[in-house]
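The primary structure of each chain is shown beneath.
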Amino acid sequence: MHAFLLIGKGEKLKKEVTSLANKLGAQEFEYPLAKIEDVRSLNSFVSLTVTAPTAIVIRGVDEATPEALSAFLKNLEEP
């Protein structure tokens, strides 16, 4: 599994994300991350068996609550 962190705003970032997903042959899945419930929902989605490459694009992380950011960071740190 690969992880990429792309930072930016607007159409330029959206084009870069789409370009990277296309190069990887991955289907894009946009996911908002604002509340801790969103993190739990994302965990459930990630734990599903996905047969095709999937790019999860997290939008609005700068607007997330401190609790949501803490839970998200914990998930990134765990294998």
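Reading the values: the criteria
Residues numbered from 1 in each chain as written. Predicted model: local features only at pLDDT ≥ 70, side-chain atom pairs only at ≥ 80, totals over all residues. Heavy atoms only, no water. Helix = DSSP H or I, 4+ residues; strand = E, 2+ residues; numbered from the N terminus. Expected span 1.5 Å × (residues − 1). Buried < 20%, exposed > 50% of the residue type's maximum accessible area, 1.4 Å probe, protein only. Arc of directions from axis to C-beta. Core = buried A, V, L, I, M, F, W, Y, C linked by side-chain atoms within 4.5 Å. Contact = heavy atoms within 4.5 Å. Patch = residues over 30% accessible without salt bridge, like charges linked within 9 Å, V, L, I, M, F, W, Y side chains within 5 Å. Areas by Shrake-Rupley, 256 points an atom, 1.4 Å probe, with all protein chains shown as cover. Salt bridge = Lys/Arg side-chain N within 4 Å of Asp/Glu carboxyl O. Phe/Tyr/Trp six-rings, centres within 6.5 Å; stacked < 30°, edge-to-face > 60°.

Visitor: Which residues make up helix α2 (residues 36-47), and what are the values?
Guide: With 12 residues, α2 should cover 16 Å at 1.5 Å per step; its first-to-last C-alpha distance of 17 Å lies within 8% of that length. Within the sequence span of α2, burial applies to Asp 38, Val 39 and Leu 42. Down the axis of α2, the sector holding all buried residues measures 100°, keeping them to one side. When the buried face of α2 is taken as reference, the exposed residues oriented beyond 90 degrees from it are Arg 40 and Ser 47.

Visitor: Lay out the nonpolar core in plain terms, naming residues and giving numbers.
Guide: Side chains that are nonpolar tend, in soluble globular proteins, to be buried together. Formed by Tyr 31, Leu 33, Val 39, Leu 42, Ala 64, Ala 68, Ala 71 and Phe 72, the largest nonpolar core amounts to 8 residues. Those elements that provide at least two residues to this core are α2 and α3 (66-77). Setting aside anything within four residues of it in sequence, one finds Leu 42 in contact with Tyr 31, Ile 56, Ile 58 and Phe 72.

Visitor: Which residues make up a nonpolar patch on the surface, and what are the values?
Guide: The grouping of Phe 4, Leu 6 and Leu 24 at the surface amounts to a nonpolar patch, some 280 Å² of accessible area in total. With respect to the helices, strands and loops of the structure, Phe 4 is situated in the segment before α1 (10-24).

Visitor: Requested: an account of the packing of aromatic side chains, with residues and values cited.
Guide: Tallied over the full model, the rule gives 2 aromatic pairs. A centroid spacing of 6.0 Å and a plane angle of 35° characterise the contact between Phe 29 and Tyr 31, whose relative ring orientation is tilted. Judged by centre distance (4.4 Å) and plane angle (15°), the rings of Phe 29 and Phe 45 are stacked. In this pair, Phe 29 sits in strand β1 (residues 27-32) while Phe 45 sits in helix α2, placing the two residues 16 residues apart along the sequence. Members of the aromatic cluster, connected to one another through ring pairs, are Phe 29, Tyr 31 and Phe 45.

Visitor: Describe the environment of Lys 14, with residues and values.
Guide: Structurally, Lys 14 can be placed in helix α1. The class for Lys 14 is partly exposed, based on a relative accessible area of 36%. Leave out the neighbours within four places in its chain, and Lys 14 touches Glu 30 and Arg 59.

Visitor: Please set out the environment of Leu 69 residue by residue, giving values where relevant.
Guide: Positionally, Leu 69 belongs in helix α3. The spatial distance from the C-alpha of Leu 69 to the C-alpha of Leu 33 is 8.4 Å, given a sequence separation of 36 residues. Apart from residues no more than four positions distant in its own chain, Leu 69 is found in contact with Val 61 and Ala 64.

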